[in-house]
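So you can see what is in the structure, the chains are spelled out below.
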Amino acid sequence: MSKTLLVRLAAISIASLGAWVAYTQNPQAPPQLKLNKIADDLYEIEGDGGNVAVYLTNEGTIVIDDKFERDYADIMAKVKSITDKPVKYVLNTHQHGDHTGGNAKMLDASAEIIAHKNARANMVEGKMPGVPRISFNDETEVFLGGKEVRAHHFGRGHTNGDAVIYFPGARAIHTGDLYTVGQSSAPVTVAPFIDYSANGSAVEWTKTLDGILNSGWDFDTVIPGHGPIMHKADLVKYRADFAKMQTRVRGLVRGGQSKEEITKVLVAEFGWSPNPQALGSRAIEPMIAEFKK
Ligand SMILES: [Zn+2]
């Protein structure tokens, strides 16, 4: 699958998160974004693309992810409504276009973009605009206005370059798409997008979540990559549910079940999209290969 197609598909994956109609019918007009207050100095911007976190300091603002390019003006308007300080840093949780689309405009506005080295490499390979000038291996920190923001790569999951962002002062994290919250009528909802073209891994995913939960980071608020603001207990439950899905799929794969039968189980029991065009379903074949090992 080409990277361009993948970027487009990443956008389409929003379908499962509720923006499908708006996106397909009128791609030029972004849906209205919504600003949510988490703490006096921490806000979240939801709607269209991945969740954005905005952290305020008296020396400037630190932004996590920047949705699609078309959302840039609205993101900046929201930031300006809560601070007169400029955006100094943008941390990307991973390379997908619904999280990095505003990068080029942020760079033009003199913000520094930071991402994990694999996420940066994925952007270069995909010829994506707004490639970060700064990358890191396992962990990096940004210190601004007496506050700290930490970015840590706990391992593979959604991609091979996922970074989780920690705001110690606000006891909050932004997980990127290692944790997304959607609506589904399945008994348990674990419908991750495993980007195998960027070396994501369903097998490693729980180990990566364990890394977050055992990091020693003191947090309660969890900003997922998509969906409403959650809490640590929700992330703990998601990790347990993800493990259930791993066990179920591994059993089916080793029992010799077909791709169609495994898909049926994922749709009925774990809320995967039944649409074969959706990324979740496209990930079935490499996922089966991964669980065979
Ligand atoms: Zn993503």
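This report concerns the structure included in the present document. All figures in this text were calculated on a predicted structure; none of them were measured in a lab.

### A look at the nonpolar core
Inference 1: Counting residues in hydrophobic clusters, the biggest one holds 35 residues, and the most contacted among them are I173, I212 and M245.
Inference 2: Of all elements in the fold, only strand 10 (164–167), helix 7 (205–213), helix 8 (232–254), helix 9 (259–270) and helix 11 (284–292) reach the threshold of two or more residues within this core.
Inference 3: Per-element tally for this core: the top contributor is helix 8, with seven residues.
Inference 4: Setting aside residues no more than four positions away along its own chain, I212 makes contact with F154, V164, I173, L178, F219 and L235.

### Side note on helix 8
Inference 1: The end-to-end C-alpha distance of helix 8 is 33 Å, a good match for the 33 Å that 23 residues give at a rise of 1.5 Å each.
Inference 2: Within the sequence span of helix 8, burial applies to L235, Y238, D241, F242, A243, M245, Q246, V249, L252 and V253.
Inference 3: Looking at the buried side of helix 8, the elements it contacts are strand 11 (172–174), helix 7, strand 13 (230–231), helix 9 and helix 11.
Inference 4: Just downstream of helix 8, G256 is the residue with a positive phi angle, here 80°.

### Re the coordination of the zinc ion
Inference 1: Distances from the zinc ion to its protein donors, H94 (NE2), H96 (ND1), H158 (NE2) and D177 (OD), fall within 2.2 to 2.4 Å.
Inference 2: Given four donor atoms and angles of 84 to 169° at the metal, the environment of the zinc ion is assigned as irregular.
Inference 3: Spacing between the donor residues of the zinc ion along the chain follows H-x1-H-x61-H-x18-D. Linking H94 in the loop between strand 5 (87–91) and helix 4 (97–100) with H158 in the loop between strand 9 (147–152) and strand 10, this pair joins segments that are 64 residues apart in sequence. You'll find H94 and H158 in the same group, each marked buried.

### Things to note about the sheet that holds strand 9
Inference 1: Sheet architecture is open: six strands sit in the order 8-9-10-11-12-13, paired in mixed fashion. This sheet does not close on itself; its edge strands, each paired only once, are strand 8 (139–144) and strand 13.

Conventions and cut-offs
Residues numbered from 1 in each chain as written. Predicted model: local features only at pLDDT ≥ 70, side-chain atom pairs only at ≥ 80, totals over all residues. Heavy atoms only, no water. Core = buried A, V, L, I, M, F, W, Y, C linked by side-chain atoms within 4.5 Å. Buried < 20%, exposed > 50% of the residue type's maximum accessible area, 1.4 Å probe, protein only. Helix = DSSP H or I, 4+ residues; strand = E, 2+ residues; numbered from the N terminus. Contact = heavy atoms within 4.5 Å. Expected span 1.5 Å × (residues − 1). Donors = N, O, S within 2.8 Å, 3.2 Å for Na, K, Ca; no water. Tetrahedral: all angles 85-135°; square planar, octahedral: opposite > 155°, others 65-115°. Pairing = 2+ DSSP bridges.

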